[in-house]
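Commentary on secondary and tertiary structure
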Amino acid sequence: MFDYEPGTEDALFDLCTSDGHILRTGEVKGPVTEVRLAGVKDHELVLMVLDGDRSVVHPIHLRKAV
């Protein structure tokens, strides 16, 4: 899950590896958007949100739940 309140109805996200390979993409269903991570093995990821003329990029570090 990630928190983001979209400013437009057509805001999109991409979940990418650190070298730019897109793993997941979809619509931002703010204020909280769920993303399935089954099968994602890379622990260093980047979340990119495109929202009208605004773009947001955040690094993500995955950890396994114990």
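Structure's up top.
Right, let's walk through the structure included here. (Residues numbered from 1 in each chain as written. Predicted model: local features only at pLDDT ≥ 70, side-chain atom pairs only at ≥ 80, totals over all residues. Heavy atoms only, no water.)

Glancing now at the sheet that holds strand 3 (residues 22-27). The strand order 3-2-5-6 describes an open sheet built from 4 strands, whose pairing is antiparallel. Each having just a single partner strand, strand 3 and strand 6 (54-61) make up the two edges of the open sheet. Direction aside, the axes of adjacent strands within the sheet are offset by 15° on average. Pairing of strand 5 (residues 44-51) with strand 6, which is carried by 8 bridges, proceeds in the antiparallel orientation. Each residue of the ladder has a partner; that of Leu50, found in strand 6, is Ser55. (Pairing = 2+ DSSP bridges. Helix = DSSP H or I, 4+ residues; strand = E, 2+ residues; numbered from the N terminus. Axes fitted to C-alpha atoms, helices over the stretch in contact; angles between N-to-C directions.)

Before going further, it helps to examine the environment of Val46. Structurally, the position occupied by Val46 is in strand 5. Taking the C-alpha atoms as reference, Val46 lies 15 Å from Thr33; in sequence the two are 13 residues apart.

As a further point, take the nonpolar core. With 12 residues, the main nonpolar core is built from Phe2, Tyr4, Ala11, Phe13, Leu15, Val28, Val35, Val40, Leu45, Leu47, Val49 and Val56. Of all elements in the fold, only strand 2 (12-17) and strand 5 reach the threshold of two or more residues within this core. At 3 residues, the largest contribution of residues to this core is made by strand 5. Beyond its immediate sequence surroundings of up to four residues, Val40 is in contact with Leu23, Arg24, Leu45 and Leu62. (Core = buried A, V, L, I, M, F, W, Y, C linked by side-chain atoms within 4.5 Å. Buried < 20%, exposed > 50% of the residue type's maximum accessible area, 1.4 Å probe, protein only. Contact = heavy atoms within 4.5 Å.)

Take the side chain of Asp51 next. Within the secondary structure layout, Asp51 lies in strand 5. In this structure Asp51 is buried but unpaired, with Arg54 as the nearest side chain of opposite charge at 5.3 Å. A distance of 2.6 Å separates polar atoms of two side chains, one belonging to Asp51 and the other to Thr8. When sequence neighbours within four positions are dropped, the list of residues in contact with Asp51 reads Tyr4, Glu5, Pro6, Gly7, Thr8 and Ala11. (Lys, Arg positive; Asp, Glu negative; His and termini not counted. Salt bridge = Lys/Arg side-chain N within 4 Å of Asp/Glu carboxyl O. Polar contact = N/O pair within 3.5 Å; in protein donor to acceptor, adjacent residues only side chain to side chain.)

Without other data, these values stay purely geometric and don't point to any function.
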